[in-house]
Amino acid sequence: MKARFVPAIATQSLGRTWHHSLEHKLRLCHQYGLGTLELFFEDLEGVANNLPSSHPHLPSGTSFPGSTEEQEKQIAASQYIHELCVQYQLEILCLQPFMHYDGLVDPASHKAAIEKLHFWIRLAHILDTDLIQIPSSFLPESQCSGSRDRIVADLREAADVGLRSNPPVRFVYEALCWGTHVDLWDVAWSIVMEVDRPNFGTCLDTFNLAGRVFADPASPTGMTPNSYEDTRETIAKLRSELPRAIEKVFYVEVCDGERLDQPLVPGHKWYHPEQKARMSWSRNARLFPFEERGYMPVLEILEAICDAGYRGPISFELFSESANQAGKDVPEEHARRAAIAWAKLEEHMHWNDSADVSCNASV
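Predicted model, so just to flag it, every value in this text is computed and none were measured.

Colleague: Give me the environment of Pro289: which residues, what numbers.
Modeller: Assignment of secondary structure puts Pro289 in the loop between β9 (286-287) and α10 (298-307). Sequence spacing of Pro289 and Leu299 is ten residues, and the spatial spacing of their C-alpha atoms is 8.0 Å. Apart from residues lying up to four places away in sequence, Pro289 is in contact with Val254, Phe316 and Ala341.

Right under this line is the structure:
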């Protein structure tokens with residue numbers, strides 16, 4: 001069977017919504033061949049907040065049953081975004097991120113999160129996607145439990161809500177490298193296995209994976225003490241574990257990280273006393289594959305995932321200081337960089353080679 005690797009990109013990768021419109025970014029995705037999207041909720045909110053009161057998708061006189069005014073705007077924005085995606089021949093892979101859900105300590109907060117989840121499912125249906133991403137929580141320990149039983153129970157509840165929806169919705173769980181309790185890919189993987197629902201899987205993100213086992217932006221070396229050994233063990237585990245349930249890998253994100261000149265500690269321009277260093281680094285210093293100053297073993301990790309049998313979307317989820325800028329050329333520059341990275345990735349991974357199911361012919 002011919003391998004199928006689809007280029008995808010998260011919408012905030014082309015610029016943040018407070019500077020750059022989603023409409024412009026969608027045109028660029030079409031122009032540069034980035035036909036599959038992770039829709040960042042921030043972009044949906046941006047569209048909703050800028051819809052004129054006369055917009056045809058906003059209700060006139062009669063509200064959507066049970067919806068607040070803010071939700072009505074988000075519903076209208078979702079309808080409008082879906083129309084734009086049809087116009088530009090784009091597919092929405094997922095809506096993300098449904099943040100700070102797993103392990104909530106406060107019962108009222110958990111109840112509110114479930115209510116919000118029902119609304120997100122409604123938005124997903126309008127957007128014509130069946131996938132919602134849940135990243136591991138990075139709330140303070142006082143607000144989110146590290147109890148595995150609690151985390152698994154919460155995620156099973158979300159999965160069951162998705163299974164009962166019509167049409168059903170899937171969920172993809174991702175370990176953030178600065179997560180409070182879940183910050184390693186294999187911990188998230190084992191949780192997915194224990195949740196054991198057909199609509200519940202994982203996203204493997206080379207930045208978050210390598211950003212935990214290989215890199216440490218707060219270290220003068222930029223690396224963890226046992227970076228190479230831990231990475232070798234991680235790659236071996238990817239190769240041995242993933243083939244047992246490769247269908248649980250719903251999609252893959254590929255980005256590198258910038259090697260900093262100075263450790264990200266007090267005094268660094270990105271240091272934030274209320275954020276872990278890896279989070280501050282992530283928000284400012286991701287890179288597309290093959291870009292200068294990238295230093296993590298993201299290609300080796302991707303090769304292991306693909307050799308384990310993964311076939312599907314390969315997404316660029318970029319956060320960076322450059323994408324946070326207001327310049328009018330920012331979105332197109334990032335779209336161009338993404339297209340260059342994709343072409344290099346296809347060549348490196350031999351994805352254009354004839355029908356061999358092997359991901360990387362050199363492995």
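Colleague: Tell me what's going on with the pattern of salt bridges, and back it up with residues and numbers.
Modeller: Tallying each qualifying case throughout the model produces 16 salt bridges. We note a salt bridge from Lys237 to Asp186, for which the minimum N-O separation is 3.0 Å. With Lys237 in helix α8 (residues 227-241) and Asp186 in helix α6 (residues 185-195), the pair connects residues that are 51 residues apart, well separated along the chain. What makes Lys237 partly exposed here is its relative accessible area of 35%. We classify Asp186 as partly exposed; its relative accessible area is 22%. The salt bridge partner of Arg293 is Glu258, with a shortest N-O separation of 3.3 Å. With Arg293 in the loop between β9 and α10 and Glu258 in the loop between β8 (256-257) and α9 (277-284), this pair connects stretches of sequence that are 35 residues apart. Classification of Arg293 by relative accessible area gives partly exposed; the value is 36%. Because the salt bridges share partners, they merge into one network encompassing Asp205, Arg286 and Glu317.

Colleague: Kindly report on helix α3 (residues 69-87), identifying the contributing residues and their values.
Modeller: Given 3.6 residues per helical turn, the α-helix brings residues three or four places apart onto the same face. Between its terminal C-alpha atoms α3 stretches 27 Å, which fits the 27 Å expected from 19 residues at 1.5 Å a residue. If you check which residues of α3 are buried, you get Glu72, Gln74, Ile75, Ala76, Ala77, Ser78, Tyr80, Ile81, Leu84 and Cys85. Contacts made by the buried residues of α3 are with α1 (22-31), β2 (36-40), α2 (41-50), β3 (91-96) and α4 (107-127). Remark: Gln89 follows α3 within two positions and exhibits a positive phi of approximately 60 degrees.

Colleague: Now, about the packing of aromatic side chains: what can you tell me, with residues and values included?
Modeller: Summed over the entire model, instances satisfying the criterion amount to 13 aromatic pairs. Centroid distance Phe40 to Phe319: 5.7 Å. Interplanar angle 70 degrees. Geometry classified as edge-to-face. Of this pair, Phe40 sits in strand β2 while Phe319 sits in the loop between β10 (312-316) and α11 (330-349), placing them 279 residues apart in sequence. Given the relative accessible area of 9%, Phe40 is considered buried. Overall, the relative accessible area of 4% leaves Phe319 in the buried class.

Colleague: How would you sum up the layout of surface pockets? Please name residues and give values.
Modeller: Considered as a void within the structure, the largest pocket measures approximately 440 Å³ in volume. As for the largest pocket, its lining consists of 24 residues, of which Phe40, Pro97, Met99, Phe138 and Arg283 are closest to the centre. Among the secondary structure elements, those contributing two or more residues to the lining of the largest pocket are α2, α4, β4 (131-135) and α9. Per element, the largest residue contribution to the lining of the largest pocket is three residues, and it comes from α2. For the lining of the largest pocket, the per-class residue count stands at twelve nonpolar, four polar and eight charged. By volume, the second largest pocket amounts to about 200 Å³. Glu258, Leu260, Trp270, Asn284 and Glu321 are the residues nearest the centre of the second largest pocket, which is lined by 16 residues in total. Counted by class, the lining of the second largest pocket contains four nonpolar, five polar and seven charged residues.

Colleague: How would you sum up unusual backbone geometry? Please name residues and give values.
Modeller: For the peptide bond that leads from Gln96 to Pro97, omega is -5 degrees, which places it in the cis range. Mapped onto the fold, Pro97 is located in the loop between β3 and α4. Of note, the bond from Asn166 into Pro167 is cis; its omega dihedral lies within 30 degrees of zero at 0 degrees. Structurally, Pro167 can be placed in the loop between α5 (148-164) and β5 (170-174). Phi at Asp128 is positive, roughly 65 degrees, even though this residue is not glycine. Tracing the backbone through its elements, the reader meets Asp128 in the loop between α4 and β4. Phi is positive for Arg293, which is not a glycine, with a value near 80 degrees.

Colleague: Quick rundown of the pairing of β4? Include the residues and the values.
Modeller: Extensive coverage of β4 is indicated by the burial of five of its five residues. Side chains Leu131, Gln133 and Pro135 project from β4 onto one buried face, and the interleaved Ile132 and Ile134 project onto a second face that is buried too. In the sheet, β4 pairs with β5 via five bridges, with the strands oriented parallel. Across the sheet, residue Leu131 finds its bridge partner in β5, namely Arg170. After leaving β4, the chain enters α5 and then returns to the sheet as β5, a path that is right-handed.

So, how was this worked out
Residues numbered from 1 in each chain as written. Predicted model: local features only at pLDDT ≥ 70, side-chain atom pairs only at ≥ 80, totals over all residues. Heavy atoms only, no water. Helix = DSSP H or I, 4+ residues; strand = E, 2+ residues; numbered from the N terminus. Contact = heavy atoms within 4.5 Å. Salt bridge = Lys/Arg side-chain N within 4 Å of Asp/Glu carboxyl O. Buried < 20%, exposed > 50% of the residue type's maximum accessible area, 1.4 Å probe, protein only. Expected span 1.5 Å × (residues − 1). Phe/Tyr/Trp six-rings, centres within 6.5 Å; stacked < 30°, edge-to-face > 60°. 1 Å grid on protein atoms, 1.4 Å probe; cavity = no way out; pocket = protein on both sides within 12 Å on 5 of 7 lines; lining within 4 Å. Points joined across faces, edges and corners; volume = space filled by probe spheres on them. Nonpolar A, V, L, I, M, F, W, Y, C, P; charged D, E, K, R; others polar. Pairing = 2+ DSSP bridges. Right-handed = clockwise from strand over helix to strand, strands pointing away.

Distances and angles like these do not, on their own, reveal function.
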